[in-house]
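What the coordinates show
What follows is each chain in one-letter form.
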Amino acid sequence: MTAFGVWAIPTAVVLIVGYGLIKGVRVFEVFLEGAKEGLEMSWRILPALVALVVAVGMFKASGGLDLLSFALSPLGRLLGLPREVMPLALMRPVSGSGAMVVFTDLLKTCGPDSTIGRIASVMMGATETTFYTVALYYGAAHVRDTRHTIPAALTADITGFFMSALAVRLLF
Amino acid sequence: MMNYIFAGMILFSFVFAALTGRMAELSEAAMTQAGQAVTLLLSLMGMMCLWNGLMRIAQASGLTGRLSRLLSPVTRRLFHGLDPDGEAVSAATMNLVANFLGLGNAATPLGIKAVCAMEKEQRANGRATDAMAMFIVLNTASVQLIPATTAMLRVQAGAAAPLDILPATWLASGVSLAAGIAAAMLLAPLWRKKR
């Protein structure tokens, strides 16, 4: 697993550059053109990034996460989620680093091989930071009207949480 | 919708901080996090340049074209109204492959590029298209072969077999992907008209 992780990025880079060389692409100059475009794109996502990071930071600092987890735990029970993983389910869609902190805490308090630890692990692997993705991608493309994106993405997230709990109970 | 989420989080934090007397922490968070966002962007910027540069090489050498054709039976069905050989679909294909292999750092820049290219190609004018929504749902459903970060954290926490969660993870993300795709298809007509 770790070997795969270590090899994946270098292999992808070498493959792309090597194949370019074989095909006679002027790899350095072409790379610079693309990199310049990447720079322009970065500036375009900054406003959305500031908005989201500040909002999430304020939310975390206010201590509202625990209250919200408590308030929503009946909904969690409906999905078969243990009370302990509710903060993770709430944090996961908004903040990758925030979810990581909550997840690490959960592993420490409940143990990685407990049912709760396993459900949390599967949740981490099976879902993504939805709002961050939406804000970044649409921020860069100047999309204001997101239409059905968020409801559809949240459907996937909620299904993912529900299935995480179910899959762990079925397979262990 | 992002309007409500953004405002909701800020209002909720304010009210809650006022009730629990954590206004000092809240104030500090608001100040430091704005700077934090710029730090985050700086680290992302290098990645954006690197992967956009590599993407350009892959395009010039015909590598993305081959990959796009390989996955076109899937992408054609998911992204209606996009040129199957266009820049948008090839960036989207690269992003999906990067996501699947767990190359998160590469996936984000490629995803941003894909949505920007879709915007250009479909002249979206500030309004999400069906293809964009579908693409974002595919990204957020997170189908990956090996969730490496999670596995690493499990190793650190002393798990007996850190990867014993793999079958459960595949099952959960597979079903959530299917639910996401179905939701994107079924919900799209409801937002057809301008509100």
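Cut-offs and rules
Residues numbered from 1 in each chain as written. Chains lettered and ligands numbered in written order. Predicted model: local features only at pLDDT ≥ 70, side-chain atom pairs only at ≥ 80, totals over all residues. Helix = DSSP H or I, 4+ residues; strand = E, 2+ residues; numbered from the N terminus. Buried ≥ 20, exposed ≤ 12 C-beta atoms within 10 Å, placed from the backbone. Contact = placed C-beta atoms within 7 Å. UniProt positions renumbered as here; feature names shortened; annotations may be inferred. Axes fitted to C-alpha atoms, helices over the stretch in contact; angles between N-to-C directions. Parallel < 35°, antiparallel > 145°, perpendicular 65-115°, else oblique. Nonpolar A, V, L, I, M, F, W, Y, C, P; charged D, E, K, R; others polar. pLDDT = per-residue confidence, 0-100. Expected span 1.5 Å × (residues − 1).

- In the annotation of an unreviewed UniProt entry, chain A is listed under the name Spore maturation protein and assigned to Anaerotruncus colihominis.

A word on the overall build of chain B
- Within chain B, the regular secondary structure consists of eight helices and zero strands.
- Moving toward the C terminus, one meets the helices and strands of chain B in the order α-α-α-α-α-α-α-α.
- Its C-alpha atoms put chain B at 60 × 55 × 35 Å along the principal axes.
- Evaluated residue by residue, chain B yields a buried proportion of 48% over its 195 residues.

Considerations on the interface of chain A and chain B
- Contacts between the two partners involve 88 residues from chain A, matched on the other side by 91 residues from chain B.
- Where the side of chain A that touches chain B is concerned, the elements lending two or more residues are helix H1 (2-22), helix H2 (27-61), helix H3 (64-78), helix H5 (96-110), helix H6 (115-126), helix H7 (130-140) and helix H8 (149-171) of chain A.
- The greatest single-element share of the side of chain A that touches chain B, amounting to 25 residues, is contributed by H2(A).

Let's talk about the UniProt feature "domain: Nucleoside transporter/FeoB GTPase Gate" (unreviewed entry) in chain A
- UniProt tags residues 43-141 of chain A as "domain: Nucleoside transporter/FeoB GTPase Gate" (unreviewed entry).
- Annotated as residues 43-141 of chain A, this span is 79% helix and 0% strand, and its ends, taken at the C-alpha atoms, are 12 Å apart.

Digging into unusual backbone geometry
All names here are of chain B.
- For Arg-123, which is not glycine, the phi dihedral falls at a positive 45°.
- For Arg-123, the position within the fold is in the loop between helix H5 (104-122) and helix H6 (130-141).
- Phi at Asn-125 is positive, roughly 55°, even though this residue is not glycine.
- Structurally, Asn-125 is set in the loop between H5 and H6.

What about the environment of Gln144(B)?
All names here are of chain B.
- Following the sequence through the fold, Gln-144 ends up in the loop between H6 and helix H7 (148-156).
- Residue Gln-144 is classed as buried on the basis of its C-beta count, with 22 C-beta atoms lying within 10 Å.
- The spatial distance from the C-alpha of Gln-144 to the C-alpha of Gly-102 is 5.7 Å, given a sequence separation of 42 residues.
- In this view, Gln-144 contacts Asn-99, Phe-100 and Gly-102; residues no more than four positions away in its chain are not counted.

A look at H7(B)
- Those residues of H7(B) that fall on the buried side of the exposure criterion are Ala148(B), Thr150(B), Ala151(B), Leu153(B) and Arg154(B).
- Gly158(B) lies just past H7(B) and shows a positive phi near 85°.

Observations concerning the packing of H5(B) against H6(B)
All names here are of chain B.
- With their axes 10 Å apart at the nearest point, H5 and H6 run at an angle of 170° to one another. In terms of orientation, H5 lies roughly antiparallel with respect to H6. Contact residues: Gly-111, Ala-114, Val-115, Met-118 and Gln-122 in H5; Ala-131, Met-132, Phe-135 and Asn-139 in H6.
- Its residues placed into classes, the contact of H5 with H6 shows six nonpolar, three polar and no charged.

Quick notes on the confidence of the model for chain A
- The pLDDT averaged across chain A works out to 91; a share of 97% of its residues lies at or above 70.
- Within chain A, H8(A) carries the highest mean pLDDT (95), whereas H1(A) carries the lowest (84).

Thoughts on H6(A)
- Look at H6(A): 16 Å from first C-alpha to last across 12 residues, which is about the 16 Å you get at 1.5 Å a residue.
- Residues of H6(A) that are buried include every one of Ile116(A), Gly117(A), Arg118(A), Ile119(A), Ala120(A), Ser121(A), Val122(A), Met123(A), Met124(A), Gly125(A) and Ala126(A), and no others.
- Where the residues of H6(A) are buried, they touch helix H4 (86-91), H5 and H8 of chain A together with H7 and helix H8 (166-187) of chain B.

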